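An overview of the molecular structure
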Amino acid sequence: MCGAELRPLPDGVQRVAALLQAHGHADLPQMLDGAARTAQQAADALGVAVGQIAKSVVFRRTADDAPVLVVAAGDRRVDEAKVAALVGGIARADAAFVKGRTGFSIGGVAPIGHALPPVALIDCSLLRFDEIWAAAGHPHAVFRLRPQDLTGLTGAPVADVVTEGGCP
């Protein structure tokens with residue numbers, strides 16, 4: 001044993017794990033050997049299709065500075081105009097905004113456990129998979145779930161928010 005397995009989980013991962021347990025979710029966060037800051041890195045580390053990675057993209061709503069979370073399939077690009085049509089005008093969020101509003105660093109933003117509750121949307125193209133993986137509060141942490149679990153965990157509606165593919 002090298003001792004790494006004895007280190008406590010990072011705070012963000014602990015927050016996500018506690019919420020998953022509270023919801024009775026069977027799969028708790030897993031720490032990966034390497035960082036999974038991008039959907040491709042996560043897919044490679046897990047041996048799954050890049051679309052199975054539920055990436056969390058955070059925007060800033062311009063009217064009130066509220067965080068807007070879009071959980072999208074890793075092989076899709078978020079369509080900002082579609083998101084804005086649903087939640088109002090948005091702008092890109094910088095790293096400080098993301099960290100301050102979510103409590104997570106970019107590359108490890110989980111769909112749950114945010115410091116401030118976001119306005120959230122779930123990309124409907126995730127529904128083409130039986131199993132997906134999401135960041136768990138740290139660039140090395142992920143957890144497994146079914147796409148339909150996202151609505152129960154986040155309270156967010158499913159919508160067509162990507163540039164291609166759309167709803168199945």
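Check the entry above for the structure.
A brief look at the structure comes next. (Residues numbered from 1 in each chain as written. Predicted model: local features only at pLDDT ≥ 70, side-chain atom pairs only at ≥ 80, totals over all residues. Heavy atoms only, no water.)

**Here we look at the overall build of the protein**
Within the protein, the regular secondary structure consists of five helices and eight strands. Start at the N end of the protein and walk to the C end: the helices and strands fall as α-β-α-β-β-α-β-α-β-β-β-α-β. Relative to a compact globule of 168 residues, whose C-alpha radius of gyration would be 15 Å, the protein shows 15 Å and is just as compact. For the protein, the spread of C-alpha atoms along the principal axes amounts to about 50 × 35 × 30 Å. Considering the protein as a whole, with its 168 residues, one finds that 46% of them fall into the buried category. (Helix = DSSP H or I, 4+ residues; strand = E, 2+ residues; numbered from the N terminus. Rg over C-alpha atoms; globule rule 2.2 N^0.38 Å. Buried < 20%, exposed > 50% of the residue type's maximum accessible area, 1.4 Å probe, protein only.)

**Quick look at unusual backbone geometry**
Within the chain, D65 stands out as a residue other than glycine whose phi angle is a positive 65°. Locating D65 in the fold gives a position in the loop between β2 (53-61) and β3 (67-73).

**Concerning helix α4 (residues 95-102)**
Within α4 the residues assigned to the buried category are F97, V98 and T102. The arc that holds the buried residues of α4, viewed along the axis, is 100°, so those residues lie on one side. For α4, the elements touching its buried residues are α1 (11-22), β2 and β3. The first or second residue beyond α4 is G103, which carries a positive phi of 85°. (Arc of directions from axis to C-beta. Contact = heavy atoms within 4.5 Å.)

**What to know about the environment of F129**
On the secondary structure map, F129 appears in the loop between β5 (119-123) and β6 (132-135). A sequence separation of 19 residues divides F129 from Q148, and the C-alpha atoms of the two residues are 9.8 Å apart. Apart from the residues within four sequence positions on either side, F129 is in contact with G51, Q52 and P147.

**Describing helix α2 (residues 39-46)**
Inspection of α2 places A39, A42 and A43 among the buried residues, and these make up the whole buried set. The buried residues of α2 occupy an angular sector of 100° when projected down its axis, which confines them to one face. Those residues of α2 hidden inside the fold are in contact with β2. Note on α2: the residue one or two positions beyond its end, G47, has a positive phi of about 70°.

**Quick word on the environment of A96**
Mapped onto the elements of the fold, A96 is located in helix α4. A residue is classified by how much of its surface remains accessible, and A96, at 61% relative accessible area, is exposed. Sequence-wise, A96 and I106 are 10 residues apart; in three dimensions their C-alpha atoms are separated by 9.3 Å.

**Considering the nonpolar core**
The biggest cluster of nonpolar side chains holds 28 residues, and the ones touching the most others in it are V16, V58, L126, I132, F143, L145 and L150. For this core, the secondary structure elements donating two or more residues are α1, β2, β3, α4, β5, β6, β7 (141-145) and α5 (149-154). Those residues in contact with I132 that lie beyond four places of it in its chain are Q52, A54, L126, F143, R144, L145, R146, P147 and L150. (Core = buried A, V, L, I, M, F, W, Y, C linked by side-chain atoms within 4.5 Å.)

**Some remarks on the environment of L46**
With respect to the element layout, L46 can be found in helix α2. Once you skip the residues sitting within four places of it in the chain, L46 turns out to touch L32, I53, W133 and V142.

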